[in-house]
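One-letter residues, chain by chain:
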Amino acid sequence: MKVGILGGGQLARMLALAAHPLGIETTVLCPVEDATAAAVTRHLRGSLIDQRLLGELAHGMDVVTYEFENVPLESLRFLDGRVAVQPSPRALAAGQDRLAEKTLFRALDIPTADFHVVEGEADVARALSVLGPPVLLKTRREGYDGKGQVFLKAAADGAGALERIGGGPALAEAFVAFEREVSIIAVRDAGGGLSFYPLSENTHEAGILRVAMSRPGDPMQPLAEDYARRLMEHFDYVGVLALELFQVGDSLLANEFAPRVHNSGHWTIEGAETSQFENHLRAVAGFSVGSTQALGLTAMVNCIGELPALASVLAVPGAHMHDYGKVPRPGRKVGHVTLRADNPADLEARLGRILHLTAGTAAPAATPADANT
Ligand code: AMP
């Protein structure tokens, strides 16, 4: 079984690592010479729109998947019909554009924050009067890790705001005073069978995910599963999908979905019976999906900007290091640490130690490739 992956960041690297024991051969297509995934798998170096290289993938692979949202749609369209492409390019198209995404959530009866379409400066003032303030102005495309967004606290903040995010088209969203952020990682197999991991509870720093905790038995799990199911069935989806949600009281508002493996699901490598990476491969390759059951309690901490000393991390009981082999740079996700424990008190104590070891490294990412959510 041969699986092609568009993109060569840490998500592709972890997919490739999960593929090895299954005897699945992976090939990544990525323009970056020292692509993070290239250390562990075959690397076609070149542009994601290079038709010769895409043709090579189409001929040599059984299925092609992707590890990030900003893969050019034209590349997926080129591949589609020549080779199986999973998840569906329709899911990628919706995930690339905040307006299409929000409109779809609404059509599927999945609640979201109120929003207003912004084409020009005048729409920003209108959005502020209709929705707020406070309002978040976001680029429709290519936003990531809090980039491409600006927080408008008062009506006066509207002037020049659109310029600050690079001009329109954009989306203005009512600011949600949520109690917490959660995400659900779901997987759908080729026969339509659905599995869900326990909710992840997520904490961000400077717009970047810092900590994700597994929450087995969370009371919001059934509602989150229902929303993820609606999305996956809509797309006849195959593979792993992540849905990010804000909790307000007993409701969940959808923020965005990612048609791929997700940073808030990294804890599943050690914290679940089958990891999100293995299950994504199993699904897109047409195999049965493995159990998504949690193994005890797990927390994942992102290492942003630089890695902590390996010896200090490994001295913490239940800690597992994941070094992405990247050159350190402010705001870059260079690795993560997973922590396991059998009880909340132990997990809390271990988490405190790892947060201390990785403190002070969080800073805004310089490029989307640095972030690779
Ligand atoms: P996004 O790029 O849309 O995932 O947003 C990044 C982060 O900004 C989210 O994880 C939230 O912490 C915050 N955020 C985004 N949209 C909203 C909103 N409408 N209300 C409050 N916080 C938000």
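Before reading further, recall that the structure is shown in the block above.
The paragraphs below set out a description of the structure included in this document.

Conventions used here
- Residues numbered from 1 in each chain as written.
- Predicted model: local features only at pLDDT ≥ 70, side-chain atom pairs only at ≥ 80, totals over all residues.
- Heavy atoms only, no water.
- Phe/Tyr/Trp six-rings, centres within 6.5 Å; stacked < 30°, edge-to-face > 60°.
- Helix = DSSP H or I, 4+ residues; strand = E, 2+ residues; numbered from the N terminus.
- Buried < 20%, exposed > 50% of the residue type's maximum accessible area, 1.4 Å probe, protein only.
- Axes fitted to C-alpha atoms, helices over the stretch in contact; angles between N-to-C directions.
- Parallel < 35°, antiparallel > 145°, perpendicular 65-115°, else oblique.
- Contact = heavy atoms within 4.5 Å.
- Nonpolar A, V, L, I, M, F, W, Y, C, P; charged D, E, K, R; others polar.
- Salt bridge = Lys/Arg side-chain N within 4 Å of Asp/Glu carboxyl O.
- Pairing = 2+ DSSP bridges.

Some words on the packing of aromatic side chains
One pass over the full model with this rule turns up five aromatic pairs. Aromatic pair Phe105 and Phe257: ring centres 6.2 Å apart, planes at 75 degrees, arrangement edge-to-face. In this pair, Phe105 sits in helix H5 (residues 98-107) while Phe257 sits in strand E15 (residues 251-258), placing the two residues 152 residues apart along the sequence. Residues Phe105 and Phe257 agree in their burial class; the two are buried. Judged by centre distance (6.4 Å) and plane angle (85 degrees), the ring pair of Tyr197 and Trp267 falls under edge-to-face.

Notes on the packing of helix H4 (residues 89-96) against H5
Put simply, H4 and H5 touch, their axes get as near as 5 Å, and they point 110 degrees apart. The pairing of H4 with H5 is recorded here as roughly perpendicular in orientation. Where H4 abuts H5, its residues Ala94, Gly95 and Gln96 lie against Arg98, Ala100, Glu101 and Leu104. For the contact of H4 with H5, the class distribution of residues is three nonpolar, two polar and two charged.

Let's talk about the pattern of salt bridges
All told, the structure shown has 20 salt bridges when counted by the stated rule. As a salt-bridge pair, Glu173 and Lys102 come within 2.9 Å of each other at their nearest N and O atoms. Linking Glu173 in strand E9 (residues 170-174) with Lys102 in helix H5, this pair joins segments that are 71 residues apart in sequence. Of the residues examined, Glu173 reaches a relative accessible area of 2% and is grouped as buried. The residue Glu201 makes a salt bridge to Arg215 at a minimum N-O spacing of 2.8 Å. Of the two residues, Glu201 is situated in strand E12 (residues 199-205) and Arg215 in strand E13 (residues 208-215); the sequence distance between them amounts to 14 residues. Judged by its relative accessible area of 28%, Arg215 falls in the partly exposed class. Linked through salt bridges whose partners overlap, the residues forming this network are Arg180, Glu201, Arg215 and Asp218.

A short note on helix H10 (residues 276-284)
Among the nine residues in H10, seven count as buried, and that is most of the element. Three or more residues of H10 are buried, namely Gln276, Phe277, Asn279, His280, Leu281, Ala283 and Val284. Turning to H10, the residues buried within the fold contact strand E1 (2-6), helix H1 (10-19), strand E4 (63-66), strand E10 (180-188), strand E14 (239-248) and helix H9 (268-271). Positioned one or two residues after H10, Gly286 has a phi angle of 90 degrees, which is positive.

Side note on the packing of H1 against H10
Any two packed helices are characterised by the angle at which their axes cross and by the distance between the axes. The interhelical angle for the contact between H1 and H10, taken along N-to-C directions, is 75 degrees, at an axis separation of 8 Å. As summarised for this structure, H1 and H10 are arranged roughly perpendicular, according to the angle between their axes. Where H1 approaches H10, its residues Leu11, Met14, Leu15, Ala18 and Ala19 are matched on the opposing element by Phe277, Glu278, His280 and Leu281. Of the residues that constitute the contact of H1 with H10, the class distribution is seven nonpolar, one polar and one charged.

Here we look at the environment of Arg140
Checked against the element boundaries, Arg140 lands in the loop between strand E7 (135-139) and strand E8 (149-152). The buried category is assigned to Arg140, whose relative accessible area is 17%. Expressed as a C-alpha distance, the spacing of Arg140 and Arg210, which sit 70 residues apart in the sequence, is 24 Å. Once you skip the residues sitting within four places of it in the chain, Arg140 turns out to touch Gln96, Asp97, Arg98, Leu99, Glu119, Pro169, Ala170 and Leu171.

Describing the pairing of E10
Counting buried positions along E10 yields nine of nine residues, so the element is predominantly enclosed. Residue alternation in E10 divides its side chains into two sets, Arg180, Val182, Ile184, Ala186 and Arg188 and Glu181, Ser183, Ile185 and Val187, and both sets are buried. Sheet topology note: the E10/E14 ladder contains nine bridges and is antiparallel. Considered in E14, the bridge of Ile185 is made with Ala242. Of the strand pairs in this sheet, E10 and E12 are connected by three bridges, and their pairing is antiparallel. Bridge pairing in E12 links Glu181 to Asn202. Summarising the sheet, E10 and strand E11 (residues 194-196) pair through three bridges and their orientation is antiparallel. What sits directly across from Ala186, in E11, is Phe196.

Regarding the sheet that holds E7
Within a sheet, neighbouring strands are paired by backbone hydrogen bonds and run either parallel or antiparallel to one another. Pairing is antiparallel across the open sheet formed by four strands, whose spatial order is E6-E9-E7-E8. Lying at the two open borders of the sheet, with one neighbouring strand each, are strand E6 (115-118) and E8. Between one strand axis and the next, the sheet turns through 20 degrees on average, direction left out of account. Pairing of E6 with E9 involves four bridges; the strand directions are antiparallel. Within E9, the position partnered with Val118 by the bridge is Ala170.

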